[in-house]
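So you can see what is in the structure, the chains are spelled out below.
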Amino acid sequence: YDFSSWSAGLVCRAGERMVLERSQRIGLGLTGTKLGCAEGGCGACTVMLSKYQPHLSKVLHHSVNGCLAPLCSLHHCAVTTVEGIGSVAGKLHPVQERIAKSHGSQCGFCTPGIVMSLYALLRNNPTPRMADIEEAFQGKFGVKLVGLQHLGCKTNHKFSKPRTFWKIILQPYQLVSSCTSVLPAPLYNPADFLPLDPTQEIIFPPELMVDTLTHQHTRGGERVLWLQPASLDQLLELKTQYPNAKMVVGNTEVGIEMKFKNLLYPVILAPGYIPELNTIQHTDEGIVFGASCSLTLLGDVLKAAVGKLPLYQTEVFNAVLEQLRWFAGLQIRNVAAIGGNIMTASPISDLNPVFMAAGCKLTLMSKGGERVVVMDEKFFPGYRKTILTPEEVLLCVLIPYTKKGQHFAAYKQSPRREDDISIVTSGMSVTFAEGSTVVKHLALSYGGMAATTVMAKNTASRLLGKQWGEELLQDACSSLAEEMTLHPSAPGGMVTYRRTLTLSLFYKFYLTVQQKLAKGVRDDYISATEIYHQTSPSSVQIFQAVPDGQKEEDVVGRPMMHLSALKQATGEAVYCDDIPLYENELYLCLITSTKAHATIQSIDTAEAESMPGVVTCVFAKDIPGSNMTGPIVYDETVLADDTVTCVGHIIGAVVADTQAHAQRAAKAVRITYQELQPVIITIQDAITHQSFFQPVRTIQRGDLDQGFTQADHILEGEMHMGGQEHFYLETNVTVAVPKGEDGEMELFVSTQSATKTQALGVPASRVVIRVKRMGGGFGGKESRSTTLSTVVAVAAQKPVRCMLDRDEDMLVTGGRHPFYGRYKVGFMKSGKVVALEVTYYSNAGNSMDLSLSRALFHMENSYSIANIRGRGYVCKTHLPSNTAFRGFGGPQGMLIAESWMSDVALSLGLPAEQVRRLNMYIQGERTPYSQILDHITLDRCWDQCLEISSFTQRRAGIETYNRDHRWTKRGLSVVPTKFGISFTAAFLNQAGALAHIYTDGSVLLTHGGTEMGQGLNTKMVQVASRTLGIPSSKIHITETSTNTVPNTSPTAASASSDLNGAAVHNACEILLHRLEPYKTKNPKGCWEDWVNAAYFDRVNLSANGFYKTPDLGYDFETNTGRPFNYFSYGVACSEVEIDCLTGSHKNIHTSIVIDVGNSLNPALDIGQVEGGFMQGVGLYTLEELKYSPEGYLFTRGPGMYKIPAFGDIPTDLTVSLLRDAPNDKAIFSSKAIGEPPLFLAASVFFAIKDAIIAARKESGLSGPFRLDSPATPERIRNACEDRFTKLCPPAEPGTFTPWAVVV
Ligand SMILES: Cc1cc2nc3c(=O)[nH]c(=O)nc-3n(C[C@H](O)[C@H](O)[C@H](O)COP(=O)(O)OP(=O)(O)OC[C@H]3O[C@@H](n4cnc5c(N)ncnc54)[C@H](O)[C@@H]3O)c2cc1C
Ligand code: FES
């Protein structure tokens, strides 16, 4: 608790960036808290910080990011980690128990963070409102990894009452009506939950209840001196002594600079405890906040003032509150200071535009005295500069009351609404001459439009003395379009969009003021002024009950909890980096290329090798065997030899005693390059240079010429679809342990491909790969994990560990392939498509990896097209190699299919759903690759989806809504999917299993699949339990390892339950067969009796199981054979609302009906459907990888790369597993579930397109138009053409070098 005694030692050992999360792990061995990003963006590291507040005489508890909280700053604080609140062996905390039992944990890597966010909330507020809970989770990535298991109830086709996961989590605190009382068998039974035991809560240590710091604290690290003054005088004295010292309060900016921008601040001043910097004063002018006041406190005080003061006085306060709603996440706001935001001087600060437009006053102080300045355009003289002298500090900020006749508003536009940095942010203030609407004073301040926060001075002065009316609006817009310009190459890109936003936001302000003045704003225009309000989410899950009479202990088909869920919720589940340090263990850090295409001229390691703790450097020459590698074709190097072919190409590695030392030394390795031409980054570059991997694949059926001749209409189109980062929360990690004999080595790896990891150039029999669990994989750890594990193994003369930082992982590992598709489609007047020619280009990066032609198998999605030809080019570019990712080309192929489908409907003026339904496959039809579709359930999924989404009523409601709203529009779409199940490489469709029965009757099971959160181990235990006829509690799975089941296929292609389930079944059947005589002999005996009898009879109680999928194999040349074992089907319907002025959208509703056969475990399957769907929402609407024209990746962490957060989940979400759809081709009639649901998120994309169509209609536009994926706010806004977009035309392509290119 009191860190003063040992923090200095830790700082020395682990370097100047010693933050709480690292200290827990390294110093205390507390590994429950996880590291997902190290930049405050994911919440995995959340812990609770408790601090006594003398002025309130109470202890306040806050959730904070352990990855940013400097250890030195925690004096007088109590820290509670997930380990502190409960354990599986001891007593679970109700939050832990509920999150696990209500299926809220999948891979579990972020679960401790989610648990602690909620725990901290409940410690402060035992009866929170829904809004408080949503706030606690703002911006966190529960969606992808927790799996968003809203509570639902199993019904026999009755809907459960919508209720949410959060309510159940809160049950000890708020009473909710019991699910079980309404319906017979819920996804879990709330009655099982333990009641809250208040004595379990940790008590704040009384010795920490101290008033304030009594003396200055000093801590010296290897390179940093940390000074914590106890008084203002001491601070000013120190600032005179060390004028260049960095002040640190919340460390949410400085921490990022030190970690990611490689900046070093040798002296740090921490003024967090100085009373004058923490006081709040109410004055006649406004409220004065000490510069160290946290943003949470700022919000609390302003909220209280808004509640008390007259409305006209609090317009600025309300604007600040509105900005704070979307400012970072709660963990950041709990520590980040108001002064920190101002002094960072970021051009995209959210508060500075408000403070500038409001004319806030800042008190600056040095030893020489104090001065008060108004925060105006002179305050920021340059990029990240302020007018403070080096000796000065910011003491406090006065936020003024607004006056009568003054109107104020603030706006923020970011890629994602929650917890995201701004694209453009703004504060606007107008004051009218008394009794009139003539402008007396106008202040328009913008962030995101220059290197500093700027004021539109010209526009403001031009509008002075004018009436607030249409003429002023026109003047304002044309003036802003002239004044708020950006160079087309401006950093941050999105130039046209940013310029349009300055006008659009002003228009919102204009109408808002008009409305306040009661100046008769048209009813349908009011939509431009509405402030976003979150509606509390609700969800329903529907699945089929197990048949009457199924034995209680037969768990197949029941919603059994993920077997590791409890351990994941308590932080006890062991991930790779949680393995305790080995003695003499070393750490490895990669050295990567900074050039996209170059030869390496020289590598100088002298400086790096002289640095503290460095042991060795490893390069290509140190690899004992072949340096060539690749999952299928050996076309890439483990470590670059003389040529690099992408930024991020791994050149070598530094091995040192600690992570900090290895990372620091890696940055000191000097490499010189000779750059080479061409540099091919984009698909268009590859087309220009004809840079393709071979072969170019084609699938063709029917007679295309005849099809086009027969067609009433022909249209052509194109579409680009961006790639996607896997963003598994646990980055790639390997611990390599040499055994010291015969080249034996044990590798603990976070990989989906244990067998591939053995390829180290030594016999596979000497290398054991062990995988206990992964914190997510999504395909990203299928082939790309092997490069890191090989490098670590090569360096491992002693145990060596490497867990990539998020930015390193994003840089080196590649992701989903970006795609570009061109199509020509022939169709009849009815909408029936009769001919399709489509060409796909995928950006594979610098190696072939697994860039196969899966998209071609999805070119028709779910539609029957008689005459069809698809061709797939795999582009070779100078980007890191792209790789497998959930759906693997399918989501790209199908999105492009839906694009031409949408074009056909638009060009005929027919409802898209009508055209889709008309073209949908029916039973017995053939795919373009000649596979007959039997047992097709598409039509049932479609009809049920329309029914449960109330499609017809919804469509009617949307039409009315769109008539009544000019500036917001709603859209609706229903989209089907058909997904073939099997590896397309036939040999991979095999699996093994090993089952041991011990004499006490317990069973140890192993299989070839890996557990990455999807619940594979749970399903395998369910399969073994039913087969052996014993309770699941007798069966245990420890890990996946290559010495138990060899030659495993990767856990991929959605096929792992099918393949490994059948292998497990086979192993168990063999054992059962061996036990049969003893059962027959002793029918009244129990399992243990039979096992013992067999043992004493010397029967082998260990068996291998094996399975291979029959009748598989497809030949591209002849277009014959079966590529897939069977197909999964599903349909989704989504409704969205877009803001036509900003391009934001909200996901209002989604209904999904999906065929999973007879579900092995409905809770896990629904988790996969919801998680996959939300990952698709990220793919199609949010996630954007930004590369410079030179191939440098800008988006290397959650700060710039946004995946869906809790707030992106459709407010109203229904998932229904199709009933009565047994599948005779997989274990116990089940179906695969991993990949198929992802594409259903395309329904959101096309709902957005539908809303854009409505917006374009207002401007007289109709017919097909191109909308690329993802449908980001930028793309949505640009597509909603109107009077404002016309004022900001894009620069002519080719006349400038853009900041980022579409790859
Ligand atoms: C995940 C994440 C999300 C974020 N989201 C947003 C967002 O939505 N909007 C936004 O605007 N910003 C955002 N930020 C940026 C940052 O959180 C804010 O700027 C924050 O207010 C900084 O406060 P701090 O106390 O943590 O600053 P620190 O990092 O402690 O310090 C920042 C700077 O302020 C200086 N400083 C601090 N106090 C004083 C003082 N009294 N006198 C002189 N100099 C001083 C420091 O020397 C330093 O240069 C985000 C940051 C992160 C990590
Ligand atoms: S690891 Fe701290 S927020 Fe991601």
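These numbers come from a predicted model, not from an experiment.

Trainee: Just give me the short version of the overall build of the protein chain, but keep the residues and values in it.
Mentor: For the protein chain, the count of helices and strands is 38 helices and 47 strands. For the protein chain, the C-alpha atoms occupy an extent of roughly 95 × 80 × 70 Å along the three principal directions. Out of the 1303 residues in the protein chain, the part that is buried amounts to 65%. Within the protein chain, residue pairs in contact and separated by at least 24 positions form 77% of the contacts whose partners lie at least 6 positions apart.

Trainee: How would you sum up helix 18 (residues 470–483)? Please name residues and give values.
Mentor: Its 14 residues give helix 18 an end-to-end C-alpha distance of 20 Å, which sits within 8% of 20 Å, the value for a rise of 1.5 Å per residue. Buried within helix 18 we find Leu472, Leu473, Asp475, Ala476, Cys477, Ser479, Leu480 and Ala481. Buried positions along helix 18 lie against strand 17 (439–447), helix 17 (457–463), helix 19 (495–516) and helix 38 (1283–1287).

Trainee: I'd like to hear about the UniProt feature "binding site: Mo-molybdopterin" (unreviewed entry) in the protein chain, residue by residue, with values.
Mentor: The UniProt record marks Gln752, Phe778, Arg886 and Ala1053 with the feature "binding site: Mo-molybdopterin" (unreviewed entry), using the residue numbering of this structure. Spatial clustering of the annotated residues is evident: they stretch over 302 residues in sequence, but the largest pairwise C-alpha distance comes to 12.5 Å. At 3.5 Å, the side chain of Gln752 forms a polar contact with the backbone nitrogen of Gly780. Checked against the element boundaries, Phe778 lands in the loop between strand 32 (767–771) and helix 26 (785–795).

Trainee: So what about the pairing of strand 15 (residues 406–413)? Which residues, and what values?
Mentor: Within strand 15, 8 of the 8 residues are buried, which leaves the element mostly enclosed by the surrounding structure. The two faces of strand 15 match: Gln406, Phe408, Ala410 and Lys412 on one face and His407, Ala409, Tyr411 and Gln413 on the other face are all buried. Where strand 15 and strand 16 (residues 424–432) come together, 8 bridges link them in antiparallel fashion. Considered in strand 16, the bridge of Tyr411 is made with Ser426.

Trainee: Can you tell me about the site of ligand 1, naming the residues and giving the values?
Mentor: Near ligand 1 lie 31 residues; those nearest to it are Met247, Val249, Thr252, Val254 and Asp350. Here Leu394 contributes a backbone N or O atom positioned 2.9 Å from a nitrogen atom of ligand 1. A total of 990 Å² of accessible area belongs to ligand 1 in isolation, and the protein chains cover 93% of it. Every element with two or more residues in the shell around ligand 1 is listed here: strand 8 (246–247), helix 11 (254–260), helix 15 (338–344) and strand 14 (393–400).

Trainee: Summarise a nonpolar patch on the surface; cite the residues concerned and give the values.
Mentor: There is a patch of nonpolar side chains on the surface, built from Ile632, Val633 and Leu852 and spanning about 250 Å² of accessible area. One can find Ile632 in the loop between strand 23 (628–629) and strand 24 (636–637).

Trainee: Help me get a handle on the packing of helix 12 (residues 295–308) against helix 13 (residues 315–325), residues and values and all.
Mentor: Orientation of helix 12 relative to helix 13, taken along the N-to-C sense of each, is 140°, at an axis distance of 10 Å. Classified by the interaxial angle, the pair formed by helix 12 and helix 13 is oblique. As helix 12 packs across helix 13, the resulting crossing turns out to be left-handed. Along its contact with helix 12, which presents Leu295, Leu298, Gly299, Leu302, Lys303, Ala305 and Val306, the element helix 13 presents Phe317, Asn318, Val320, Leu321 and Leu324.

Trainee: Any details on the nonpolar core? Residues and values, ideally.
Mentor: Membership of the largest hydrophobic core comes to 254 residues, with the highest contact counts inside it found for Tyr446, Trp468, Phe506, Leu588 and Trp900. Once residues within four sequence positions are removed from consideration, Leu588 is found in contact with Ala653, Val654, Val655, Ala662, Val791, Val792, Ala795, Val800, Arg801 and Cys802. By size, the runner-up hydrophobic cluster in this structure holds 50 residues, among which are Ile256, Phe317, Ala328 and Ala336.

Trainee: Residues and numbers for the sheet that holds strand 31 (residues 745–749), please.
Mentor: One open sheet holds the 8 strands; their spatial order is 22-26-20-33-30-31-32-41, and the pairing between them is mixed. Of all strands in the sheet, those with a lone pairing partner are strand 22 (614–619) and strand 41 (1040–1041), marking the two edges. Where strand 20 (residues 586–592) and strand 26 (residues 650–656) come together, 6 bridges link them in antiparallel fashion. Residue pairing for strand 26: Thr592 is matched across the bridge by Ile650. This element, helix 22 (residues 659–668), spans strand 20, strand 22, strand 26 and strand 33 (800–803) of the sheet and lies at about 25° to strand 20. Across the face of the sheet, helix 26 comes into contact with strand 20, strand 22, strand 26, strand 30 (733–738), strand 31 and strand 33 while running at roughly 30° to strand 30.

Trainee: Before we move on, could you go through the sheet that holds strand 8 and cite the residues and values that matter?
Mentor: Strands in a sheet are paired, the pairing made by backbone hydrogen bonds, and the direction either parallel or antiparallel. Read from one edge to the other, the open sheet built from 4 strands follows the order 6-7-9-8, with strand pairing classed as mixed. Here the strands that pair on one side only, and so sit at the sheet edges, are strand 6 (217–220) and strand 8. In this sheet, strand 9 (residues 267–269) lies alongside strand 7 (residues 225–228) in parallel orientation, the contact comprising 3 bridges. Its bridge partner being in strand 9, Leu227 is matched across the sheet by Leu269.

Trainee: Explain the environment of Pro195 residue by residue, including any values.
Mentor: In this structure, Pro195 sits in the loop between strand 5 (185–186) and strand 6. With 117 residues separating them in the primary sequence, Pro195 and Tyr312 have C-alpha atoms 47 Å apart.

Trainee: Any details on the environment of Val1091? Residues and values, ideally.
Mentor: With respect to the element layout, Val1091 can be found in helix 34 (residues 1087–1096). Separated by 92 residues in sequence, Val1091 and Thr999 place their C-alpha atoms 6.2 Å apart. Not counting residues up to four positions away in its chain, the partners in contact with Val1091 are Ile997, Tyr998, Thr999, Leu1075 and Leu1101.

Trainee: Summarise the side chain of Ser426; cite the residues concerned and give the values.
Mentor: Mapped onto the elements of the fold, Ser426 is located in strand 16. Polar contacts involving the side chain of Ser426 include one to the main-chain carbonyl oxygen of Ser445, which spans 3.1 Å. Those residues in contact with Ser426 that sit more than four places away from it in its chain are Gln323, Pro353, Ala409, Ala410, Tyr411, Ser445, Tyr446 and Leu505.

Trainee: Just give me the short version of the UniProt feature "binding site: [2Fe-2S] cluster 2" (unreviewed entry) in the protein chain, but keep the residues and values in it.
Mentor: Here the UniProt feature "binding site: [2Fe-2S] cluster 2" (unreviewed entry) sits at Cys107 and Cys110. Considering the arrangement of structural elements, one finds Cys107 in the loop between helix 4 (94–101) and helix 5 (111–124). Looking at the secondary structure, you find Cys110 in the loop between helix 4 and helix 5.

Trainee: Give me the lowdown on the state of the cysteines, citing residues and values where you can.
Mentor: Overall, the coordinates contain 0 disulfides when judged by the stated rule. Free of any disulfide, Cys107 has its nearest cysteine sulfur in Cys110, 6.0 Å distant.

Trainee: Lay out helix 36 (residues 1242–1258) in plain terms, naming residues and giving numbers.
Mentor: Spanning 17 residues, helix 36 covers 25 Å between terminal C-alpha atoms, matching the ideal 24 Å at 1.5 Å per step. Where burial is concerned, most of helix 36 is hidden: 14 out of the 17 residues are buried. Just beyond helix 36, the residue with positive phi is Gly1260, at close to 75°.

Trainee: An account of the packing of aromatic side chains is needed here, citing residue identities and associated values.
Mentor: Two descriptors summarise a pair of aromatic rings, namely the distance from one centre to the other and the angle between the planes of the rings. Taken as a whole and judged by the stated rule, the model has 37 aromatic pairs. Here Phe857 and Tyr929 contribute two aromatic rings whose centre-to-centre distance is 4.9 Å and whose plane-to-plane angle is 80°, an arrangement assigned as edge-to-face. Taken as a pair, Phe857 in the loop between strand 35 (833–845) and strand 36 (867–876) and Tyr929 in the loop between helix 29 (912–919) and helix 30 (938–948) lie far apart in primary sequence, 72 residues in all. The pair Phe857 / Tyr929 is uniform in exposure class, with both members buried. Measuring from centroid to centroid gives 5.1 Å for Tyr1095 and Phe1096, while their planes differ by 70°, and the two rings are edge-to-face.

What counts and what doesn't
- Residues numbered from 1 in each chain as written.
- Chains lettered and ligands numbered in written order.
- Predicted model: local features only at pLDDT ≥ 70, side-chain atom pairs only at ≥ 80, totals over all residues.
- Heavy atoms only, no water.
- Helix = DSSP H or I, 4+ residues; strand = E, 2+ residues; numbered from the N terminus.
- Buried < 20%, exposed > 50% of the residue type's maximum accessible area, 1.4 Å probe, protein only.
- Contact = heavy atoms within 4.5 Å.
- Expected span 1.5 Å × (residues − 1).
- UniProt positions renumbered as here; feature names shortened; annotations may be inferred.
- Polar contact = N/O pair within 3.5 Å; in protein donor to acceptor, adjacent residues only side chain to side chain.
- Pairing = 2+ DSSP bridges.
- Near = heavy atom within 4 Å.
- Areas by Shrake-Rupley, 256 points an atom, 1.4 Å probe, with all protein chains shown as cover.
- Patch = residues over 30% accessible without salt bridge, like charges linked within 9 Å, V, L, I, M, F, W, Y side chains within 5 Å.
- Salt bridge = Lys/Arg side-chain N within 4 Å of Asp/Glu carboxyl O.
- Axes fitted to C-alpha atoms, helices over the stretch in contact; angles between N-to-C directions.
- Parallel < 35°, antiparallel > 145°, perpendicular 65-115°, else oblique.
- Left-handed = near helix turned anticlockwise from the far one by under 90°.
- Core = buried A, V, L, I, M, F, W, Y, C linked by side-chain atoms within 4.5 Å.
- Disulfide = S-S within 2.5 Å.
- Phe/Tyr/Trp six-rings, centres within 6.5 Å; stacked < 30°, edge-to-face > 60°.

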